[in-house]
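Results of the structural survey
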Amino acid sequence: MKFEEKHDSYGTSIRKGQPDIGEKPQANGKSVANGEAEVCRKPEANGKQSVSGKSLKMYTWKDIQRHNQETDMWLVIDRKVYNVTSWAHKHPGGSRVLSHYAGEDATDAFRAMHLDLDVVRLYIKPLLIGELAPGEPSQERNKNSQLVEDFQELRRLLEAKNMFKANLGFFFLHLAQILALEALAWLILWNFGSCWTVTLLISFLLTISQAQSSFLQHDIGHQSLFKKSKWNHLMHKFVMCHLKGLSTNWWNYRHYQHHVKPNIYPKDPDIDIGPLFLLGELQPVKYGKKKIKYINYEKQHLYFYMVALPFLMPIYFNLQSMQVMYLRRYWADIAWVSSFYIRYFITFGPFYGVFGTVLLIHFVKLLESPWIAYVTQMSHIPMKMSQEENQDWLTTQVVATCNIEQSFFNDWFTGHLNFQIEHHLFPTMPRHNYHKVAPLVRSLCAKYGLQYVNKPMLKAFGDIVRALKKPSALWADAYYKT
């Protein structure tokens, strides 16, 4: 599918002034001295009343921004004000995702991260406490309202073009590839025995299967496969827990935080990885001034090769997943993950025994680890890292991510995460549509002076290490000279 309509400089053809998703007509209200107003809802077009016999308070952004703590969280979504403090622990994506947006406009994040907005609104409806006063802008005053409006128009255009509709055949073939590789590994082992050459060959096949499973679970975890959330959740359990042996709840809580606040310290857990690595400009200076030296941080770029690449999957992710499942009593995840190990013991146990099968599992994870480490880190570590600046959704995502040049191999090798910018802007979009959306995103970035970074893959690999050297120098300067 090609986009041929041209309207603005980034190519949208949806008219301005079109109401947002789920947006209801603004109520009339009488202003009062304290900045609040009593609201009397008028009937909507369908004859229903959004609020019957109930008055909603009017709030200014100054009022809302006071409620920005984990123990006191207010959010703004489509100009409506919600107090999510008491409900945050029930949030399927974890309470921290909500706390990261406490006191802020969360409209675009809300739309980006949820599949069925109407269903989600049923859950947050009881949390509604008011709305923005008529004189208040729809987002904080430091944000470019025209940029926000243009981005929302772009999203509406993509929805109209069915860019959020998955091609089930694409994902079926992807799953078939994973299962075929595992079946092929077992058939080779059954026919030729468990000698060293065969073990290395099947380990290579299983590594490809595991890496591609990582990309598939990522798709399903973002609910980009099925229209119904419950089917995405069930399929996510199968791929992440049964095929990979990792917890879905652990992944969701960690990964969603990364998505809503990428490269923002300390909200993004992917960059808050001290004391092993120091990233950005703030953390190394902090460690240096406090004379913290758990390791020689001047050589952390070398530790990336020796530690991060081989041990990200078999040690860090594996142990963290198990820890979270056990401490938080995720019994469903524990049962599903147990089925992963049972399946391996049944399939490979007759050839290697219990101990040998455990070694095979971790050897495959060891081989998979550099693959996943490079793919996940090359698009973020070289990009801007900062503390919270409360920027709009488009700017937040674009400055913290970069793309890798497209090719058939790059698409397959990265699971289409070479389109990291498009993925971060539209997490629920099926990955096979990223390349169709990229020209529009690039045009929108150019319109507002945002750098749309697209680089060769090998350069991206090298940029990881080069990006680790700068914090090393900052740490050394603060450690030895202050």
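Above this note sits the structure.
These lines cover the structure that appears in this document, whether it is placed above or below. Everything numeric here is computed off the predicted structure, so don't read it as measured data.

Let us look at a nonpolar patch on the surface. Among the surface-exposed residues, Leu 200, Phe 311, Ile 315, Tyr 316, Leu 319, Met 322, Phe 363, Leu 366 and Leu 367 lie close enough to one another that they form a single nonpolar patch of about 740 Å² accessible area. The biggest single contributor to the nonpolar patch is helix H11 (residues 300-327), with 5 residues. Considering the arrangement of structural elements, one finds Tyr 316 in helix H11.

A word on the environment of Gln 212. Within the secondary structure, Gln 212 sits in helix H7 (residues 196-221). The class of Gln 212 is buried, set by a relative accessible area of 1%. Considered as a pair, Gln 212 and Thr 414 are 202 residues apart in the sequence and their alpha carbons are 8.7 Å apart. With near-sequence residues (within four places) excluded, Gln 212 lies in contact with His 174, Gln 177, Ile 178, Trp 371 and Trp 412. Here Trp 412 takes part through its backbone oxygen, which lies 3.2 Å from a polar atom of the side chain of Gln 212.

To describe a pair of aromatic rings, one takes the distance between the centres and the angle between the planes. Within the structure shown, the criterion is met by 26 aromatic pairs. Considering the side-chain rings of Phe 215 and Trp 371, the 6.5 Å spacing of their centres and the 65° angle between planes classify their relative orientation as edge-to-face. One end of the pair, Phe 215, is in helix H7; the other, Trp 371, is in helix H12 (residues 331-377), and 156 residues separate them in sequence. Residues Phe 215 and Trp 371 agree in their burial class; the two are buried.

Take unusual backbone geometry next. A cis amide bond links Tyr 265 to the next residue, Pro 266, at an omega of 0°. Summarising the element assignment, Pro 266 is placed in the loop between helix H9 (248-260) and helix H10 (282-289). In this structure, Asn 263 is a non-glycine residue whose phi angle is positive, near 60°. Note on placement: Asn 263 falls in the loop between H9 and H10.

Taking 1.5 Å of rise per residue, 16 residues should cover 22 Å, and helix H5 (residues 145-160) covers 23 Å from first to last C-alpha, within 8% of that figure. Among the residues of H5, Leu 147, Val 148, Asp 150, Phe 151, Gln 152, Glu 153, Leu 154, Arg 155, Arg 156, Leu 157 and Leu 158 are the ones counted as buried. The N-cap of H5, judged by a side-chain oxygen 3.0 Å from the amide nitrogen of Gln 146 a few residues on, is Asn 144. Where H5 terminates, the next one or two residues include Asn 162, which has phi positive at roughly 60°.

What follows is about the pairing of strand S6 (residues 80-83). Relative to S6, strand S5 (residues 72-77) runs antiparallel, the two sharing 4 bridges. Looking at the pairing, Trp 74 lines up with Asn 83 of S6. Joining the antiparallel neighbours S5 and S6 is a turn of 2 residues, in which Asp 78 adopts a positive phi near 50°.

For helix H4 (residues 117-124), every residue scored as buried is listed here: Leu 117, Val 120, Arg 121 and Ile 124. Looking straight down H4, one finds its buried side chains confined to an arc of 105°; they lie on one side. Away from its buried face, by an angle of more than 90 degrees, H4 presents the exposed residues Asp 118, Leu 122 and Tyr 123. Of the surrounding elements, those touching the buried residues of H4 are S5, S6, helix H3 (107-113) and strand S8 (128-132). Where H4 starts, the residue carrying a side-chain oxygen 3.2 Å from the main-chain nitrogen of Asp 118 turns out to be Asp 116.

About the thresholds
Residues numbered from 1 in each chain as written. Predicted model: local features only at pLDDT ≥ 70, side-chain atom pairs only at ≥ 80, totals over all residues. Heavy atoms only, no water. Patch = residues over 30% accessible without salt bridge, like charges linked within 9 Å, V, L, I, M, F, W, Y side chains within 5 Å. Areas by Shrake-Rupley, 256 points an atom, 1.4 Å probe, with all protein chains shown as cover. Salt bridge = Lys/Arg side-chain N within 4 Å of Asp/Glu carboxyl O. Helix = DSSP H or I, 4+ residues; strand = E, 2+ residues; numbered from the N terminus. Buried < 20%, exposed > 50% of the residue type's maximum accessible area, 1.4 Å probe, protein only. Contact = heavy atoms within 4.5 Å. Polar contact = N/O pair within 3.5 Å; in protein donor to acceptor, adjacent residues only side chain to side chain. Phe/Tyr/Trp six-rings, centres within 6.5 Å; stacked < 30°, edge-to-face > 60°. Expected span 1.5 Å × (residues − 1). Pairing = 2+ DSSP bridges. Arc of directions from axis to C-beta.

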